[in-house]
Amino acid sequence: QVQLVESGGGLVQAGGSLRLSCAASGSIFGIDSMGWYRQAPGKQRELVARIINSGRTNFADSVRDRFTISRDNAKNTVYLQMNSLKPEDTAVYYCNAALVAAPSYRYLELWGQGTLVTVSS
């Protein structure tokens, strides 16, 4: 069974940094894209950052100059480095991956369980 396992959330002061990790485990033929979404209380889930197979990335405008996303293909892992954190970055962060599972060749879109990031002012 393919699943996503996240780590790295926590409490940080404004201006600080955190790094989130998400590893895809199980039998996988290939991963098209991996990314991070977030959902703050009372708000809809929104895209934070995404990286596709070619290495191309896209970011929400609110984080573009502060967050970076990277991927270790050998480990099927994506990282989100978050710098200059602001209180408005407080949310549950969810990992997302679009991949092809083995041996079924099923195309799956998976979500992690979510990790809480709290930024205090």
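Reading the values: the criteria
Residues numbered from 1 in each chain as written. Predicted model: local features only at pLDDT ≥ 70, side-chain atom pairs only at ≥ 80, totals over all residues. Heavy atoms only, no water. Helix = DSSP H or I, 4+ residues; strand = E, 2+ residues; numbered from the N terminus. Rg over C-alpha atoms; globule rule 2.2 N^0.38 Å. Buried < 20%, exposed > 50% of the residue type's maximum accessible area, 1.4 Å probe, protein only. Contact = heavy atoms within 4.5 Å. Areas by Shrake-Rupley, 256 points an atom, 1.4 Å probe, with all protein chains shown as cover. Pairing = 2+ DSSP bridges. Axes fitted to C-alpha atoms, helices over the stretch in contact; angles between N-to-C directions. Core = buried A, V, L, I, M, F, W, Y, C linked by side-chain atoms within 4.5 Å. Phe/Tyr/Trp six-rings, centres within 6.5 Å; stacked < 30°, edge-to-face > 60°.

With that settled, the discussion passes to the overall build of the protein chain. Check the secondary structure of the protein chain and you find 0 helices and 11 strands. Along the protein chain, helices (α) and strands (β) appear in the sequence β-β-β-β-β-β-β-β-β-β-β when read from the amino end. Compactness check: the protein chain gives a C-alpha radius of gyration of 14 Å against a globular reference of 14 Å for 121 residues, within 12% of the reference. When the backbone C-alpha atoms are referred to their principal axes, the protein chain occupies close to 50 × 25 × 25 Å. Counting the 121 residues in the protein chain, one finds 43% classified as buried. A separation of at least 24 residues holds for 57% of the contacts in the protein chain among residues at least 6 apart in sequence. Only carbon and sulfur atoms are counted for the fraction: they give 47% of the accessible area of the protein chain, which is about 6500 Å².

Taken in spatial order, the 4 strands make up an open sheet running 1-3-8-7, and their pairing is antiparallel. Because the sheet does not close on itself, it has two edges, and the strands there are strand 1 (3-7) and strand 7 (67-72). Within the sheet, the average angular offset between the axes of one strand and its neighbour, ignoring direction, is 15°. In this sheet, strand 3 (residues 18-25) lies alongside strand 1 in antiparallel orientation, the contact comprising 5 bridges. In the strand pairing of strand 3, Ser7 is matched with Ser21.

If you look at the biggest cluster of nonpolar residues, it comprises 34 residues, and the most contacted ones within it are Met34, Trp36, Leu80, Met82, Tyr93 and Leu99. Elements with a minimum of two residues in this core: strand 3, strand 4 (28-39), strand 5 (46-52), strand 7, strand 8 (77-82), strand 9 (91-101), strand 10 (107-111) and strand 11 (115-120). A per-element tally of this core places strand 9 first, with 6 residues.

Before going further, it helps to examine the side chain of Ser21. Mapping Ser21 onto the fold places it in strand 3. In this view, Ser21 contacts Val5, Glu6, Ser7, Trp36, Val78 and Tyr79; residues no more than four positions away in its chain are not counted.

Glancing now at the packing of aromatic side chains. Under the criterion given, the structure shown has 2 aromatic pairs. Where Phe29 meets Tyr105, the ring centres are 4.2 Å apart and the plane angle is 20°; that geometry is what we call stacked. A residue pair is termed long-range when its members are at least 10 positions apart, and Phe29 in strand 4 and Tyr105 in the loop between strand 9 and strand 10 qualify at 76 residues. The exposure class assigned to Phe29 is partly exposed, which follows from its relative accessible area of 45%. A centroid spacing of 5.0 Å and a plane angle of 65° characterise the contact between Tyr37 and Trp111, whose relative ring orientation is edge-to-face. Here Tyr37, found in strand 4, pairs with Trp111, found in strand 10; they are 74 residues apart in sequence, far enough to count as distant. Its relative accessible area of 18% is what places Tyr37 among the buried residues. Residue class for Trp111 comes out partly exposed when judged on its relative accessible area of 37%.

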